[in-house]
Amino acid sequence: MTSNSLPESIPRLRFAPSPTGYLHVGGARTALFNWLFARHYRGTLVLRIEDTDVERSTAEMVEGILVGLRWLGIDWDEGPYFQSQRMDLYREAAQRLVESGHAYYCFCTREESEQRRAQAQAEGGDPQYDRKCRAIPPEQAKARRDAGEAAAIRFAVPESGGTFFDDAVFGRVEFANSELEDFVLLRSDGGPTYHLSVVVDDIDMHMTHILRGADHLSNTPKQVMLYQALGAPLPVFAHVPLILGPDKTRLSKRHGATSVIAYKEEGIVPEAFRNFLALLGWTPPDSSQELMDDRAMIDLFDLSGIAKSNAIFDRGKLDWFNTEYIRACPAVQLLPLIEEEWKKVDLIPFQTSRDAMAATVDLVKPRARNLKDFATLFRAYFSDSFDVDPVAVQKFLKDNAVREMLVDLASHYEQETEFSEASTEKVLREFAAHKNVKAGLLINAARVALTGQGVAPSLFAVMANLGQERTVARLKNATNL
RNA sequence: GGCGCUAUCGUCUAGGGGUUAGGACGGAAGAUUCUCAAUCUUCAAACCCGGGUUCGAUUCCCGGUAGCGCUACCA
């Protein structure tokens, strides 16, 4: 292990996912909190991959996590470190614990101990490991080891007393030691278990704050014992309540998307997702402040704002954040994301300049719910090949006389030398008066012909944006819808 | 089962010994009439239950209940 030479004033945090192939929502929120905390206090954020379970760890599994973090916009200062490359460290630590009497060799096979566990439980007894091997004298254990007998290393939990820690969000949490079994530190194959590798790494990497999901709350006393046995100071523990599905059970695939990438694919803007996630379990000092950019979240983030109770993932609220972000975001910033959506549907916009694209994005974005809308609902604003919503036709364009009036109107527009929002409106209203129909009738009908949709921005703004040529062509096409 | 944690509108939450219990999302109604998934206005909607402490508990304490978590040679 390296020696601790870092000033205490610089917080060191870590996000330590296991390589599950994708970044799930809960992990993303944990990562975000760590990131917000680290940035707020100008600390260091370390990424560490907990891949001690070799069977479940592949490069692709790791990549999935990184992809999720990158999309979310969470960066880190150190790492990624891989626990699989630090095995010696864990073995050494386990060895030291045996030597100091804090741990012992256990020769029970997994099957044996499981069998005895099951039996004890069946007899209504304690299902904990029966500590059989704890009684083996150290010299004898060593002899058996030297003879090549396979053994795990178990931590020797004190048989009485209690272990406590002061959690930054939950306060003091205390456990009776009798509740804790002699847990395995090092498997008989020489690989560390989670408890050993986390605390060895957290000590070695000088972590000052452990911000993680509350599912680790009950595990923490074991880790506290390890810190103590290893002679290391305790970091600040801060456990964060879990995110649940709408049915109040743990968020899982049953609830739909659990990978953050699924939200990218649904057209969610990363900033909006971050904002939404941050407010799941955290509230800024002014609780009425919900829409926040990264700067505001970083400035305001603090452990004191973290809730104790679990939160339910509310998709509706996420969509609201998303619409708010799209609306507030300048079109030029949105454009790269929108272009990705266009690519997916092979849409090549007819606009000849980015300024023109941006202007059109600005026109339609108040009605956008997600990025996909720009390639689907709003397709007609960027492409001449677009679908016409049959419901809209039914509602506004079912009358043949109206369709013909649109064609008639088109020829009026064709002759205009000016083609602005004001002039197009003037022409249409005068035309309607002539025909003795309500302007609204024509406006709604023209909307469908121009955009394929029953919902759109102000019609004349749409006309001005589309330009004279396209407006005329689409109106003339009204009889074919 | 044991242990731990939690409990305010449907959801995210604020608050806190005396409040009309606040905000946001969602919902409902209305306005606008050039559509609405835009905008504006209005409304409905909560302190889990039972004891205790107290002049007074939603708030503090205890118990219950419920939910979640942990209880692996997974992380």
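Thresholds, definitions, all that
Residues numbered from 1 in each chain as written. Chains lettered and ligands numbered in written order. Predicted model: local features only at pLDDT ≥ 70, side-chain atom pairs only at ≥ 80, totals over all residues. Heavy atoms only, no water. Salt bridge = Lys/Arg side-chain N within 4 Å of Asp/Glu carboxyl O. Helix = DSSP H or I, 4+ residues; strand = E, 2+ residues; numbered from the N terminus. Buried < 20%, exposed > 50% of the residue type's maximum accessible area, 1.4 Å probe, protein only. Contact = heavy atoms within 4.5 Å. Near = heavy atom within 4 Å. Polar contact = N/O pair within 3.5 Å; in protein donor to acceptor, adjacent residues only side chain to side chain. Nonpolar A, V, L, I, M, F, W, Y, C, P; charged D, E, K, R; others polar. pLDDT = per-residue confidence, 0-100. Core = buried A, V, L, I, M, F, W, Y, C linked by side-chain atoms within 4.5 Å. Pairing = 2+ DSSP bridges. Axes fitted to C-alpha atoms, helices over the stretch in contact; angles between N-to-C directions. Phe/Tyr/Trp six-rings, centres within 6.5 Å; stacked < 30°, edge-to-face > 60°. Right-handed = clockwise from strand over helix to strand, strands pointing away.

1. A short note on the pattern of salt bridges
No. 1: Following the criterion strictly, the structure yields 37 salt bridges and no others.
No. 2: Here lysine 344 and glutamate 341 are joined by a salt bridge, their closest N and O atoms 3.3 Å apart. With a gap of 3 residues between them, lysine 344 and glutamate 341 both fall in helix α12 (residues 331–344), about one helical turn apart.
No. 3: The exposure class assigned to glutamate 341 is buried, which follows from its relative accessible area of 6%.
No. 4: Ionic pairing is found between aspartate 362 and lysine 365, a salt bridge with its closest N-O pair at 3.2 Å.
No. 5: Taken together, the shared-partner salt bridges connect Arg14, Arg48, Glu50, Arg86, Asp201, Asp202 and Asp204 into one network.

2. A few points about the environment of proline 241
No. 1: Looking at the secondary structure, you find proline 241 in the loop between β10 (236–240) and β11 (243–244).
No. 2: Separated by 215 residues in the primary sequence, proline 241 and glycine 26 place their C-alpha atoms 9.7 Å from one another.
No. 3: Not counting the four nearest positions on each side in its chain, proline 241 is found in contact with Arg29, Ala214, Ile306, Ala307, Lys308, Ser309 and Asn310.

3. Regarding the protein's contact with RNA strand B
No. 1: The environment of RNA strand B is formed by 67 residues, the closest being Cys108, Arg187, Glu290, Arg447 and Ala456.
No. 2: The sugar-phosphate backbone supplies 71% of the atoms of RNA strand B found within 4 Å of the protein.
No. 3: Measuring from a phosphate oxygen of RNA strand B, one finds a side-chain N or O atom of arginine 327 at 2.4 Å.
No. 4: Those elements giving two or more residues to the surface near RNA strand B turn out to be α4 (110–122), β5 (152–155), β7 (171–176), β12 (311–312), α11 (315–328), α14 (390–396), α17 (439–451) and α18 (459–466).
No. 5: Looking at the surface near RNA strand B residue by residue, the classes come out as 23 nonpolar, 20 polar and 24 charged.

4. Here's the deal with the confidence of the model for chain A
No. 1: Of the residues in chain A, 98% reach a pLDDT of 70 or more, and the chain-wide mean stands at 94.
No. 2: Note that pLDDT drops below 50 for residues 1–7; the model gives that stretch 11 contacts with residues more than four away or on any other chain.
No. 3: We note a pTM of 0.94 for the whole complex and an ipTM of 0.95 for its interfaces.

5. Overview of the nonpolar core
No. 1: By size, the foremost hydrophobic cluster in this structure holds 105 residues, and its most contacted members are Phe273, Phe374 and Tyr413.
No. 2: No other element matches the 9 residues that helix α1 (residues 25–40) contributes to this core.
No. 3: Aside from chain neighbours lying at most four places away, what touches phenylalanine 273 is Val25, Trp71, Leu72, Val260, Tyr263, Ile268, Phe313 and Leu318.

6. Re the sheet that holds strand β3 (residues 78–82)
No. 1: A sheet is described by the order of its strands in space; here 3 strands give the open sequence β1-β2-β3, paired in parallel fashion. Only two strands of the sheet have a single partner each, and these edge strands are β1 (12–15) and β3. Taken over all neighbouring pairs, the strand axes of this sheet differ in orientation by 25 degrees on average, direction set aside.
No. 2: Note: strand β2 (residues 44–49) against β3, 3 bridges, orientation parallel. Bridging from a neighbouring strand, valine 46 pairs with glutamate 78 of β3.
No. 3: Across the sheet, α1 touches β1 and β2, and the angle it forms with β1 is around 165 degrees.

7. What about the side chain of glutamine 128?
No. 1: Of note, glutamine 128 is situated in the loop between α4 and α5 (138–146).
No. 2: At 3.0 Å, the side chain of glutamine 128 and the backbone oxygen of serine 178 are in polar contact.

8. Examining the environment of isoleucine 10
No. 1: Mapping isoleucine 10 onto the fold places it in the segment before β1.
No. 2: Sequence spacing of isoleucine 10 and arginine 42 is 32 residues, and the spatial spacing of their C-alpha atoms is 7.2 Å.
No. 3: Sequence-distant contacts of isoleucine 10, that is, excluding residues within four places in its chain, are made with Arg42, Gly43, Thr44 and Thr208.

9. Here we look at the packing of aromatic side chains
No. 1: Enumeration over the complete set of coordinates arrives at 18 aromatic pairs.
No. 2: Considering the side-chain rings of tryptophan 71 and phenylalanine 273, the 5.7 Å spacing of their centres and the 50 degrees angle between planes classify their relative orientation as tilted. Within this pair, whereas tryptophan 71 is found in helix α2 (residues 59–72), its partner phenylalanine 273 is found in helix α9 (residues 270–278), the two being separated by 202 residues in sequence.
No. 3: Taking relative accessible area as the criterion, phenylalanine 273 reaches 0% and is therefore assigned buried.
No. 4: A centroid spacing of 5.7 Å and a plane angle of 50 degrees characterise the contact between tyrosine 263 and phenylalanine 313, whose relative ring orientation is tilted.

10. Here's the deal with the pairing of β2
No. 1: Most of β2 sits inside the fold, with 6 of its 6 residues counted as buried.
No. 2: Where burial is concerned, the two faces of β2 agree: the one with Thr44, Val46 and Arg48 and the one with Leu45, Leu47 and Ile49 are both buried.
No. 3: Note: β1 against β2, 4 bridges, orientation parallel. Residue pairing for β2: phenylalanine 15 is matched across the bridge by leucine 47.
No. 4: Each parallel crossover has a hand, and the one from β1 via α1 to β2 is right-handed.
No. 5: Each parallel crossover has a hand, and for β2 linked through α2 to β3 it is right-handed.

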